[in-house]
Amino acid sequence: MGAGELETSRLTNAGAENSLHKQADQATDAPLKRARQPRELTFQDMYQNQDLFDDDDDDDDDWEPLELPKFVEVTKWCCKNCTMVNLDDVVHCDICGEHQDSKILSHGFFASPFAEDEDTAEVQPNIKGLRAANSCTAIGFDERMLLHAEVEMKSHLHPERPDRLQAIAASLARAGIFPGRCYSISAREITEEELISVHSWEHIESVEVTSDSTSSYFTSDTYANEHSARAARLAAGICADLASTIVSGRAKNGFALVRPPGHHAGVSHAMGFCLHNNAAVAALAAQAAGARKVLILDWDVHHGNGTQEIFEKNKSVLYISLHRHEGGKFYPGTGAADEVGSMGAEGYCVNIPWGRGGVGDNDYIFAFQNVVLPIASEFAPDFTIISAGFDAARGDPLGCCDVTPSGYAKMTHMLNALSGGKLLVILEGGYNLRSISSSATAVIKVLLGESPGCELENGFPSNAGLQTVLEVLKVQMNYWPSLGPIFINLQSQWRPYCLGKKRKQIKKKRRVQAPMWWRWGRKSFLFHFLNGHLRVKSK
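Rules and cut-offs
Residues numbered from 1 in each chain as written. Predicted model: local features only at pLDDT ≥ 70, side-chain atom pairs only at ≥ 80, totals over all residues. Heavy atoms only, no water. Helix = DSSP H or I, 4+ residues; strand = E, 2+ residues; numbered from the N terminus. Buried < 20%, exposed > 50% of the residue type's maximum accessible area, 1.4 Å probe, protein only. Expected span 1.5 Å × (residues − 1). Pairing = 2+ DSSP bridges. Contact = heavy atoms within 4.5 Å. Axes fitted to C-alpha atoms, helices over the stretch in contact; angles between N-to-C directions.

Student: How would you summarise unusual backbone geometry if you had to cite specific residues and measurements?
Tutor: Cis peptide bonds are those with omega within 30 degrees of zero, and the linkage from Phe-178 to Pro-179 qualifies with 0°. Secondary-structure assignment places Pro-179 in helix α5 (residues 177-181). Here Tyr-331 and Pro-332 are connected by a cis peptide whose omega angle stands at 0°. By the element assignment, Pro-332 lies in the loop between β11 (317-324) and β12 (349-354). Despite not being glycine, Ala-380 shows a phi value in the positive range, around 55°. Looking at the element boundaries, Ala-380 is found in the loop between α11 (361-379) and β13 (383-388). One non-glycine residue, Cys-400, lies in the positive phi region at around 55°. The class of Cys-400 is partly exposed, set by a relative accessible area of 37%.

Student: Quick one: what's the story with helix α14 (residues 463-476), residue by residue and with numbers?
Tutor: The end-to-end C-alpha distance of α14 is 20 Å, a good match for the 20 Å that 14 residues give at a rise of 1.5 Å each. Every buried residue of α14 is accounted for by Gly-465, Leu-466, Thr-468, Val-469, Leu-470, Val-472, Leu-473 and Gln-476.

Student: Before we move on, could you go through the sheet that holds β13 and cite the residues and values that matter?
Tutor: Pairing is parallel across the open sheet formed by eight strands, whose spatial order is β6-β5-β9-β14-β13-β10-β11-β12. At either margin of the open sheet sits one strand with a lone partner, and together these are β6 (183-184) and β12. Where helix α13 (residues 433-447) meets the sheet, its contacts fall on β5 (137-140), β9 (253-256) and β14 (423-427), and the angle it forms with β9 comes to roughly 160°.

Pasting the structure below:
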């Protein structure tokens, strides 16, 4: 998953698997073997274990071998925030720094990451007279989706876990946003008739049959228990109802706080933690409610291969995805810039594939300004959906990127100008509880009409980000005429910037290889002169 885990050796005792701390294993490995297989001590044994003997005691008639424990058990704990495994002799996660007894599930990102007894009572809801009944932002949530969980006991928590919804809900409650400034829609389960427009009948049946088993797997990382099918129906039903509610004008915008996620679920397969494709269901529900054209913007760090498959031949749904790709080496391997749609719908799939990890706010905003918004404006959607995975957020153990809550708020604000503000945000991935809860809260504040916050430090993309945007423009300007001038302008405007960075890198390499004064100075000349003189003399 991209996160390093401390290596521990394992010993078997009475049929149970126990972990040994590395230092304890090194100190006791040889004595343990002797304790299990008693034999006479050889001179080599005595030499290697001199510290076990008392050199000053000449009388060893009553000497007895040192008794050692048969095993040394080192307990471990999984971080509530990022799921990484830690040894019990530390109280803060080695990966994210979260305290072992963090209150993040009850206080959200307001909880202190450093101490378990931090008092957060001073955080009060700040609603200033706003009532949920007068709110234009709807929230979809149902506690029954928390029952979808991995049953099999493993050494670490599954990243897609019920805690994700709990942390976001706790953060919204502490901030006085929900309940408070938003109103809740009633949850319902999606019907088979609605699902059949997105998924095959075989896929629907494969999800439903999991209700008869306490534990099952679609893929090695996509699990189900007896509650998963209902959770997936609830998630899809909430998204469908939020979409129709917004399109009909009963709400201006909304946030679907749902799981399991959906953008990897294709026509006939479940994968990548996803069972039903919630964004696809919402798009078709919006069209049934009167929206002619729908934009799906997917900023999850993984490419939404399922959503692309469902709509790759559909000109009424524009799918735009920003994701790590790295030449197809990053999961799920799809989403290259030249994947543009098919069967007359070329150009209605727009992929912005980052070539590396660590991508942050500046690259995302730059892509929005030069690719996303120009194409979206030309498309002119009647309804906009954000497949909002927060696994590109700073600190996420799977995404390893660097988008901040301010970055997500800014992108939401930019999309809010489309479709007359008719915008639905659907939760997808995101596996660091602090990251997803703070990012989701920032996004919902924008839905409520608040400013996205402070401006970004600078508007300069990384060199890799610029190259990705130019690559996408070169492909997509064949289908969207407005991109042609942007491509030409960026080439002329940013070419000096790229060349300047390359020159600096070349100069830095030269300084590392050999100082200029040595290669061209008098010492170099003296070296070559003496070397040549000695060669002539030796002849």
